[in-house]
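Working through the structure, step by step
The chain contents come next:
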Amino acid sequence: MDTSSPAALVNGGLLRMHVGRKVRAVIQVVRSEVGSVVGKSTDDRQLVVKGSPPVPLTSYVEVIGVAENDNSIQAEIWTNFGDSFDTSNYDQLCQLANGEFKHLFL
């Protein structure tokens, strides 16, 4: 496992804390456009993910890439997560990974 460049687990609200760094987020796809996907983060914020998504695209997608600003990610890796996903649990994980237990994740 490559640990030289870990990706922070983020939701829409936490993205601003990691601008310019590698992040990992799960979004619910709202629409797919040429060169980007507009989605809803696990805390119900709109995010734009730039890059080439997989085809076909499922309802939930994990993206790993660089946070460009507080609502945009330039994706390097896309992973389909299927059409059903517990966003509440993931959102709680993001809070823990950026708070009290940050040392366990980065």
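Residues numbered from 1 in each chain as written. Predicted model: local features only at pLDDT ≥ 70, side-chain atom pairs only at ≥ 80, totals over all residues. Heavy atoms only, no water.

Looking at an unreviewed UniProt entry, one finds the protein chain named Replication protein A 14 kDa subunit B-like and attributed to Herrania umbratica. Within the UniProt record for the protein chain, the comment given under Sequence similarities (unreviewed entry) is "Belongs to the replication factor A protein 3 family." For the protein chain, the Subcellular location (unreviewed entry) comment in UniProt is given as "Nucleus". (UniProt positions renumbered as here; feature names shortened; annotations may be inferred.)

1. Observations regarding the nonpolar core
Counting residues in hydrophobic clusters, the biggest one holds 21 residues, and the most contacted among them are V10, L15, V63 and W78. Elements with a minimum of two residues in this core: strand 1 (8-9), strand 2 (22-33), strand 4 (46-50), strand 5 (60-69), strand 6 (72-80) and helix 1 (87-97). Among the elements that line this core, the one with the most residues is strand 2, at four residues. Sequence-distant contacts of V10, defined by excluding residues within four places in its chain, comprise L15, H18, V23, R24, A25, Y90 and C94. (Core = buried A, V, L, I, M, F, W, Y, C linked by side-chain atoms within 4.5 Å. Buried < 20%, exposed > 50% of the residue type's maximum accessible area, 1.4 Å probe, protein only. Helix = DSSP H or I, 4+ residues; strand = E, 2+ residues; numbered from the N terminus. Contact = heavy atoms within 4.5 Å.)

2. Considerations on unusual backbone geometry
Here the amide bond leading from V55 into P56 is cis, since omega sits at 0 degrees, within 30 degrees of zero. Considering the arrangement of structural elements, one finds P56 in the loop between strand 4 and strand 5. The backbone phi angle of D44 is positive, close to 65 degrees, even though this residue is not glycine. Mapped onto the secondary structure, D44 falls in the loop between strand 3 (36-41) and strand 4. Relative accessible area serves as the criterion here: at 57%, D44 is assigned to the exposed category.

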